[in-house]
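Spelled out from the first residue to the last, the chains are:
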Amino acid sequence: MSPVHGDPPSRPTRRALLAVGAGAALLAGCSRGGAPGAPAAATASATGSSTAPAAGSITPGVMTLFKDPAYNFNGLLALGGSGAGSAEVGEVLTAVNAINGAGLTAQSYVKTFRSLGDQLMAAPPGAPADGQTKRFRALRAAQYYGQALFFVLGSDDPSSEEQLYKAGRAAWDAFCDLCEPPPVKAKVPYGTTPLPVWFFRPDTSATPRPTVILTNGSDGQNVDMWTYGVPAALERGWNALVYDGPGQGQLLFVDRVVFTPTWERVVTPLVNWLTARSDVDPAKIALTGLSMAGDLAPRAAAFETRIAALVAMPGCVEPWLGFPPEIRKILTPDKQQTNDIWNKEVVPELPPDAADVMKKRFEPFSIPAMLEARQGKLFTDFYTPANRIKALSITDVVGRIKAPTLVLDYEGEQFYPGQPRRMYDALTSPKDYLKLTAAQGAQLHCSPMAPQLHCEVVFDWLDKTLGP
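As a starting point, this report considers the structure included with it. Only a predicted model underlies this, so the values are computations on that prediction, with no experimental measurement involved.

**Re helix α6 (residues 131–151)**
Part 1 of the reasoning: The end-to-end C-alpha distance of α6, which contains 21 residues, comes to 31 Å, matching closely the 30 Å that a straight helix rising 1.5 Å per residue would cover.
Part 2 of the reasoning: Burial analysis of α6 places 16 of its 21 residues in the buried class, the great majority of the element.
Part 3 of the reasoning: Residue Asp130 occupies the N-cap position of α6, its side-chain oxygen lying 3.2 Å from the main-chain nitrogen of Gln132.

Now the structure itself:
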């Protein structure tokens, strides 16, 4: 291996990394559930090329809550949850006004949404709250804590990350306990750290029902799985399983377990647990994957043959390509060389906001990076988590999938442009491809403004594929 200074054409210069766009691309591409990529205004072709206006612009046709596209995308996700009861339009817009009035920063965002979560978990004004009021206030609180959690590493108190996660988890559990019927809570064996699961059912009868396993992305919370599937499943007579896998929720923030590329080892224990239940039809178990789980769920389905139907939302075959090329160029085959480039050339000139993005994006792949971020520090080992992200590539296993598969794509997909079509083309199983559009108000990664439409598309396809 040649030393860094001996191979200048293959390594990024500070000018290429910073002036040309790594910092700007990172800032524009930070949002829940995805990886940093092109600005939110990017439009992509089926081949993966993209055309992006300058960083900081907003996609035409999208409601502008914040001028910064990263915060805007997150705000749209909160607003979109209103249809499922996981947000309130007035609450979100009032929070938006307060944040903009104070000046948009990570600190103002975190403080405002955390305070809103605290307010909802307290007693409401007026008469004592009944069970339904407490239930949906807790659900909305979980959403708002999740909003704060996403940006907390860039706030004045990054050390509060685990505490903030636990506040959101407590709100989620309070909501679940008040559901009728409440979901079955369990711990499914997985290595030395069991997976927490919440099994939602339309009723408590032992009637065997079709069941959907809802898989979250790289930094979503349980409340997002409610928005993107649980009510839609229950209303159609389906069971729905929500869970935290490695790199997600409790396993990341509390148990300190990072993502694994072998997601079938996560899903197979879940399928084992489900098939042991009398209220699950073992021939009708579907698997969905939202955001980066559009890579994880297909990986699992390539090896777990009991999955009867698969939905990738969106299809993703190489999560590493979700990072700007200026960032990807830092990684070389040599660990010392890579970390020298990162620490000596990139970090000293990385804008603070871009550094905060990198802290957030790398923490699910590196516990040292997470712990350093909680101390307000940027990680020094770029090589290890970057290789863990690269290892999530599923290009060599997509052809193994046997289950009927729906691949979703989104107009203006800003994180994995072109990858849904790549997945669709590589599939050899029965398959469908559908792009949700701006004309439907369903553009951008995971259709943040249209989760109800999103669920309609997914469950219509599942009903058609698996039958009544």
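What follows continues from the structure just given.
**A look at the sheet that holds strand β9 (residues 405–410)**
Part 1 of the reasoning: Here we have eight strands laid out as an open sheet, ordered β3-β4-β6-β5-β7-β8-β9-β10, and mixed in their pairing. With one partner strand each, in any of the chains shown, β3 (184–188) and β10 (431–436) form the two edges of the open sheet. Direction aside, neighbouring strands of the sheet carry axes that sit 20° apart on average.
Part 2 of the reasoning: Judged from the four bridges that link them, strand β5 (residues 209–215) and strand β6 (residues 239–243) form a sheet pairing that is parallel. If you follow Thr211 over to β6, its bridge partner there is Asn239.
Part 3 of the reasoning: Along the sheet, helix α7 (residues 161–177) makes contact with β3, β4 (195–200) and β6, crossing β4 at roughly 30°.

**Some words on the packing of aromatic side chains**
Part 1 of the reasoning: Tallied over the entire structure, the rule returns 27 aromatic pairs.
Part 2 of the reasoning: With 4.2 Å between their ring centres and 15° between their planes, Tyr71 and Phe151 make a pair best called stacked. You can see Tyr71 sitting in helix α3 (residues 69–80) and its partner Phe151 sitting in helix α6, a full 80 residues away along the chain. We note that Tyr71, like Phe151, is buried.

Reading guide: rules and limits
- Per chain, residue numbering runs from 1 following the sequence as it is written.
- A pLDDT threshold of at least 70 governs which residues receive local features in this predicted model, and a stricter bar of 80 or more applies before side-chain atom pairs are shown or counted, although totals over entire chains, interfaces and linings include all residues.
- With hydrogens and water stripped out, all remaining heavy atoms of the structure feed into the side-chain values.
- Helix and strand definitions here come from DSSP, where helices need a minimum of 4 consecutive H or I residues and strands a minimum of 2 consecutive E residues; each element is numbered from the N-terminal end.
- Here, expected helix span is obtained from the residue count minus one, scaled by 1.5 Å.
- Exposure is judged per residue with a 1.4 Å probe applied to protein chains only, and the accessible area is read against the type maximum: over 50% gives exposed, under 20% gives buried, and values in between give partly exposed.
- Whenever a nitrogen or oxygen atom comes within 3.5 Å of another N or O atom, the pair is scored as a polar contact, on the condition that within protein one atom can donate a hydrogen and the other can accept it, and that pairs from neighbouring residues in sequence are kept only if both atoms are in side chains.
- Paired strands are those between which DSSP finds at least two bridges.
- Think of each axis as a best-fit line through the C-alpha atoms, taken over the contacting stretch in the case of a helix, with angles from 0 to 180 degrees between the N-to-C directions.
- What makes two residues a contact is simply this: any of their non-hydrogen atoms within 4.5 Å.
- Pairing of aromatic rings covers Phe, Tyr and Trp, the last through its six-membered ring, and needs centres within 6.5 Å; plane angles under 30 degrees mean stacked, over 60 mean edge-to-face, and all others mean tilted.

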